[in-house]
Amino acid sequence: MRIEIPEYCLVVLVGASGSGKSTFAAKHFAPTEVISSDACRALVSDDATDQSATRDAFELLEFIARKRLAARRLTVVDATNVRPEDRAKLVRLAREFHAFAVAIVFDLPERVCQDRNARRPDRDFGPRVVHNHVRLLRRSLKRLGREGFRYRFQFRSEAEADAAVVERQRLWTDRRDDAGPFDIIGDVHGCCDELEALLSELGYRVERDGERFGVTHPDARRLVFLGDLVDRGPRVVDCLRLVMDAVAAGVALCVPGNHETKLLRHLRGRRVTMTHGLDGTVAQLEAEPPAFHDRVAQFIDGLVSHYLFDDGKLAVAHAGMKREMLNRSSGAVREFALYGETTGETDEFGFPVRYDWAGEYRGEAMIVYGHTPVAEAQWVNGTICIDTGCVFGGKLTALRYPERELVSVPAAKVYYPATSRPLVPDADTDAPGDILAIDDVLGKRIVDTRLVPNITVREENAAAALEVMSRFAIQPNWLIYLPPTMSPCATRDSGELLEHPAAAFGYYRTNGVARVVCQEKHMGSRAIAVVCRDADVARTRFGAQGGTTGIVYTRTGRRFFGGQLAGFERQVLDRLRAAADRCGLWEKLETPWLILDCELMPWSVKAADLVREQYASVADAARLGLARAVDALERAGERGADTAELAHRFRDKADMVKGYAAAVGRYNWPVDTVDDLRLAPFHLLATEAAVHDDKDHGWHMAQLADLCQGDGLLTVTDYRVVDIGDEASCGEAIAWWEELTAAGGEGMVVKPWDFVARSGQGLVQPAIKCRGREYLRIIYGPEYTAEENLARLRQRSLGAKRSLARREFALGLEALHRFVEREPLRRVHECVFAVLAMESEPVDPRL
Amino acid sequence: MLLTVSTTHSPATDLGYLLHKNPARVQCFELSFGKAHVFYPEASEERCTAALLLDVDPVALVRGRGSTSTDYVNDRPYVASSFLSVAIARVFGSALGGRCRDRPELVGKPLPLAAGIAALPCRSGDDVRELFEPLGYEVDLEPGDDASGNYRNVTLTGRKPLAELLTHLYVLIPVLDGRKHYWVGDAEVDKLIARGEGWLEDHPRRDLIVRRYLKHRGNLANDALARLAEDAHPGSPDSDERPAREAFVALADVRLAAVARALKESNATRVVDFGCGEGRLVEQLLADPQFQEVVGVDVSVRALETAARRLRLDRMPERQRRRIKLLQGTMTYRDRRMQGFDAVAVVEALEHLDPDRLGTFERVLFEFAKPETVVVTTPNREYNVRYPGIPAGGLRHSDHRFEWTRAEFAAWADAVASAHGYAVAFEPVGDVDEALGAPTQMGTFRRCA
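Help me out: how do you make sense of the overall build of chain B in this one?
Helix and strand counts for chain B come out as 16 helices and 14 strands. Taking 22 Å as the expected radius of gyration for a compact globule of 449 residues, we find that chain B reaches 29 Å, considerably beyond that expectation. Each principal axis of the C-alpha atoms in chain B carries an extent, and together these give about 95 × 50 × 45 Å. Within chain B, buried positions represent 42% of all 449 residues. Partitioning the intrachain contacts of chain B with sequence separation of at least 6 by distance along the chain shows that 68% fall at a separation of at least 24.

Here it is in structure tokens:
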């Protein structure tokens, strides 16, 4: 016997004790697929035959079954299941998880079972039990269908059971091996003129030969119709013909809409109300012969509720699909696919309030659906409704997959009055659909990035990040990137310098990087600037409201210009936009927005309080105190006391403090207008179509030098390219560094020439900083250069910092990639949230 | 880092005997935080000056203890702080204790003394004067009062026994600095009582000195104050420094009572306190059996830990314990755990959100959590003029992103209510000023059937 079952189902074995269920299960299913009541009894009581443990054993069995079914795994229940109430429980379970219930019945002669049990030492419960089982089983046989088992198989002999072959079949919805490319078309509603126009726009050739339509695409693209082909519009019959012919020819797939199922009921002779445009369809169909009616009925009847494509990356359904229903089958799945879900309430226009499944959707698959007319197709959590109300005078929209492009043609006219709610939503209530859920960020999480797989975020770090994120960070829609931390180079063994470029070159040499770029390090504050071409772009791409056109934020995701400086943001964005206009960046990169990684100076803009209260204050105190000390020591010396050495020591201290004060002063200046600021962009991180981590730093430097031309606010970052193997080349860069730091510069950052560089050990540090001697006084304290202090400071461990830098780099770029690929907000947010969480790790802040 | 003590007593070199330090020598003492050097910049019959110079090791100071970068760049090595007090006790211990073998007659005798303290932390000259002038010193400052900055070189002159001067310095330098380098425990109270004997009891700034010396550890300070004066009634912590604070504390009680009443009247049995902080409302609600389940939510893990401690969750009886839950959560992420409650209270939390996050908050609360009742309180900005501590146009708390007038709050609440199917009623909380309204405004939203 061939036992054909869906590859996802709940298999219920039914048979008396000793009828061979377990042997059969072991032969045809993986051990992990089979949950046996005996095994569960043993798990809870250490005795597989302990009948007093039955209740607990079945609770455990159901628990395991639930977990497996929730994960969409075929599950076999190996228990006698001869009582209808036992089976009813399992059928309910199958329904709950939208799995088919399959019954395999072992209707063997009682003698066979009795003999088998007699041969087994652990089955000494006597012949009455088996007799009873067989009696109950016989009584059950006829009712299995009514009980809800869609598939039923029955063995009447040992031989039959032995000869059986189990074959698993894909669900109708399962087209995971089909990757397209597709053009997915929203609700047509008989608007065949617009459909033909759209198909031609998409590159299809539509040939009509009498009643037959021939649809072809030169690149073998295929169409997917989201249902609601009929009703309301003028050319319902043509629509049906075109779609049915294309489906028959293998050029198209189609899922049913609620209007089709209603039409089917009508065609089958049921009484249905002639509302919502069905009357128009019926009138148009009247001219057609009965054979056509039959063909339509058959076509609709054969439609599958929804499809899952491309390795689980794309799903289509008329009204949407919940993750827990995807690629499963049940009445509830079909209902959801056709109608969505309603909450039971009605809105101000008297329409049912729809349950916002898309807002809660957290699945992997992109879900494309129609059913609810919207003014503009918009992504919400990786789902998109492309019913743009063509028949109501809107437009007919297609989504190209995998390109994710929307293509529309406008309706020639209003074919059907929009008696329902207004199609164009009120601008003010048009809130972005992506509201993040706390489950998206809290607890221990693992983020898979394309550069570093499976980055773990510890629970306590996530908790710390949640506080920062919700109290201080900007709107998550804007927060599409956070920069990684940066490690300094290893320390020198001797001499009066702590950091030196040779150590950075050495690191890259060891890691097989042949070429690096050395960039001047500006001493300011890290700033990320997102610049949109206009407010419209900011609204559609970033969900921004109130006419904002971009944002400037800090490395911890705070708005850069808050409080009294709030007015600067707009001006800085305006200047950046003008610069991009000037150098034609929008056209060159074909983008309406860009994101820049920059340093914003002076330091005191962001850290004014800190500079005043802490850094400048230390200089004041030291100057006051040391001057007195030196004076006292000198006076004591003049009267012959042996204070010469001490006086020398304190004079040195005073000199060091002078150096410190100069360093602090150098990076601070008063800012009255935006022209007092300096913005130095050094990465052009991403634009509409791409994350520019595939370009080398030469490209970034060139683009940004163009951008900075002609505006004093924008500062070009000076740089040198160094061939790591060439001593002269390294030497030149070192001389340049010495020159920079002698002139009071912070130092430089050394990066691999390629944005992303790998070695045998994985990702190489994306950047290493080498800070100048004087600058480091701000970090290590004014007196760090005293030899006794230097000796101790040389011992510093960089491992933790570098590991963080690698992971944060991977996370930041992942966030950008996900944003550019238009993944749902929570997927972008997950990455930046993880960067913030990493930053709560305790690492020596001086590194 | 530098203390000089001078005298014009004749012969001035007697100072060497009193300090037990020979004016001819330069001496060095090892201390836990570095070295102390003693030497004499001048030593004549007419005038003699001893110098105590600290050489603090800046690297050892923060080794392994830093958690932010600013910990590593600090003023400690250069200022007069508790390091100096420790050095006075160690290096001039006998003089501080009033012992002198060679010149016992000088010990209790007021001498013409001058103390020079380099880089003494103080916000203004008055800070220094109000501490030292009542003790009979003349106070000289460099730079003067007009200069800005957080440090002054201070010279104190007066006729005092040396031990008294050193004692005053020993106690008052850390009071001005306010950042002791060591842990302040019970022993510190005894030390203060002993050192303060004879002058601290009647010092007009006694309470301030005690609190700051004990690093604002309230219970220690109250203990010390009670011991300093039998009839002393210790006030609330820091009351001398922040007069407005008491008013705020009282208002907080009134507000909690109002919120608890509103929740009770809503007939809610399962409630959430969004932004529960240290759990004061949660505590109050638990006392009422009407509330069968009380969930405190806050974004700060630390606040929740404090709440758990305050409520003694670990020692609560099981039946009681089951009524309460403390969760980390926030107003800007939707949260399943908040669904299905009768009421949500948002007490003085809204104003901690950036205005552009309010839209998200509204949806999280009114669209997703969707309780029957929402009680929101927020400051009434108009009332701020009644608080003397708040500058014109200022807000009540540094983390407040905005504060609303009554009209602004009403406009927001009405819009939210109508968008999400609620009806809202307003109520003033606290003393009502006819023109300005009450200090707190409360809105109670009820979901329309």
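The discussion continues.
How should I be thinking about the domain arrangement of chain B in this particular structure?
Accessible area lost when the parts come together is the quantity often used to give the size of an interface. Splitting chain B by domain gives domain 1 (2–182), domain 2 (196–241) and domain 3 (244–447). Centre-to-centre separation of domain 1 of chain B and domain 3 of chain B, based on C-alpha positions: 51 Å.

Just to check I follow, could you spell out the sheet that holds strand β25 (residues 487–488) of chain A for this structure?
Adjacent strands of a sheet pair through backbone hydrogen bonds, lying either parallel or antiparallel. All names here are of chain A. Read from one edge of the open sheet, five strands run β25-β36-β33-β26-β32, paired in mixed fashion. The open sheet is flanked by β25 and β32 (719–723), the only strands paired with a single partner. Bridging between strand β26 (residues 515–521) and β32 involves five bridges; their strand directions are antiparallel. Bridge pairing in β32 links C518 to R720.

I would appreciate a short explanation of helix α16 (residues 459–472) of chain A in the present structure.
An α-helical turn contains 3.6 residues, so a residue and the one three or four places further along point in the same direction. Spanning 14 residues, α16 of chain A covers 20 Å between terminal C-alpha atoms, matching the ideal 20 Å at 1.5 Å per step. Listed in full, the buried residues belonging to α16 of chain A are N461, A462, A465, L466, M469 and S470 of chain A. With its buried residues spanning 150 degrees around the axis, α16 of chain A presents them on a single face. Those residues of α16 of chain A that are buried are in contact with β23 (445–447), β24 (455–457) and α28 (825–838) of chain A together with β10 (324–328) of chain B.

Help me out: how do you make sense of unusual backbone geometry in this one?
Both trends apply: most residues other than glycine have a negative phi, and most peptide bonds are in trans. With an omega dihedral of -5 degrees, the bond running from S10 of chain B to P11 of chain B counts as a cis peptide bond. With respect to the helices, strands and loops of the structure, P11 of chain B is situated in the loop between β1 (2–7) and α1 (14–19). With an omega of -5 degrees, the peptide bond between E142 of chain B and P143 of chain B qualifies as cis. Looking at the secondary structure, you find P143 of chain B in the loop between β6 (138–142) and β7 (151–160). Positive phi, normally seen in glycine, also occurs at R232 of chain A, with a value near 75 degrees. If you trace the backbone, R232 of chain A turns up in the loop between β12 (222–225) and α10 (236–248). The backbone of R404 of chain A sits at a positive phi, close to 65 degrees, despite the residue not being glycine. Within the element layout of this structure, R404 of chain A appears in the loop between β21 (395–401) and β22 (405–410). The exposure class assigned to R404 of chain A is partly exposed, which follows from the 13 C-beta atoms found within 10 Å.

Would you take a moment to explain the sheet that holds β1 of chain B for this structure?
All names here are of chain B. Spatially, seven strands are ordered β2-β3-β4-β1-β5-β7-β6 in an open sheet, and the strand pairing comes out antiparallel. The two strands at the open ends of the sheet, each matched to only one other strand, are β2 (27–31) and β6. The mean inter-strand angle of the sheet, taken between neighbouring strand axes irrespective of direction, is 20 degrees.

Just to check I follow, could you spell out the interface of chain A and chain B for this structure?
Tallying the contact residues gives 45 residues for chain A and 49 residues for chain B. Counting only elements with at least two residues in the side of chain A that touches chain B, the list comes to α16, α21 (603–638), α25 (777–780) and α26 (787–793) of chain A. Take the side of chain A that touches chain B: its biggest share by element is 16 residues, from α21 of chain A. For the side of chain A that touches chain B, a count of residues per class yields 26 nonpolar, eight polar and eleven charged.

Got a minute to help me understand the packing of helix α11 (residues 258–267) of chain A against helix α12 (residues 278–286) of chain A in this structure?
Any two packed helices are characterised by the angle at which their axes cross and by the distance between the axes. All names here are of chain A. In contact at an axis separation of 11 Å, α11 and α12 are set at 55 degrees when each is read in the N-to-C sense. Judged on the interaxial angle alone, α12 and α11 are oblique. Judged by the twist between their axes, the crossing of α11 over α12 is right-handed. Within the contact between the two elements, α11 uses K262, L263 and H266 and α12 uses L278, T281 and V282. Grouping the amino acids of the contact of α11 with α12 by side-chain chemistry returns three nonpolar, two polar and one charged.

Would you take a moment to explain the nonpolar core for this structure?
One recurring pattern in soluble globular proteins: nonpolar side chains tend to sit buried together. Grouped together as the largest cluster of nonpolar side chains are 257 residues, with contacts concentrated most on M1 and A345 of chain B. Considering each element in turn, this core owes the most residues, 14 residues, to α21 of chain A. In contact with A345 of chain B, not counting residues within four places along its chain, are V259, L263, V271, D273, F274, L281 and V375 of chain B.

Would you mind showing me how to read the environment of W478 of chain A here?
All names here are of chain A. Among the secondary structure elements, W478 is positioned in the loop between α16 and β25. Here W478 falls in the buried class, since 23 other C-beta atoms lie within 10 Å of it. For the pair formed by W478 and V530, sequence separation is 52 residues and the distance between their alpha carbons is 7.7 Å. Look past the residues within four positions of W478 in its chain and what remains in contact with it is V530, F542 and I551.

Definitions and limits used
Residues numbered from 1 in each chain as written. Chains lettered and ligands numbered in written order. Predicted model: local features only at pLDDT ≥ 70, side-chain atom pairs only at ≥ 80, totals over all residues. Helix = DSSP H or I, 4+ residues; strand = E, 2+ residues; numbered from the N terminus. Rg over C-alpha atoms; globule rule 2.2 N^0.38 Å. Buried ≥ 20, exposed ≤ 12 C-beta atoms within 10 Å, placed from the backbone. Contact = placed C-beta atoms within 7 Å. Domains from an automatic or database assignment. Pairing = 2+ DSSP bridges. Expected span 1.5 Å × (residues − 1). Arc of directions from axis to C-beta. Axes fitted to C-alpha atoms, helices over the stretch in contact; angles between N-to-C directions. Nonpolar A, V, L, I, M, F, W, Y, C, P; charged D, E, K, R; others polar. Parallel < 35°, antiparallel > 145°, perpendicular 65-115°, else oblique. Left-handed = near helix turned anticlockwise from the far one by under 90°. Core = buried A, V, L, I, M, F, W, Y, C linked by C-beta atoms within 7 Å.

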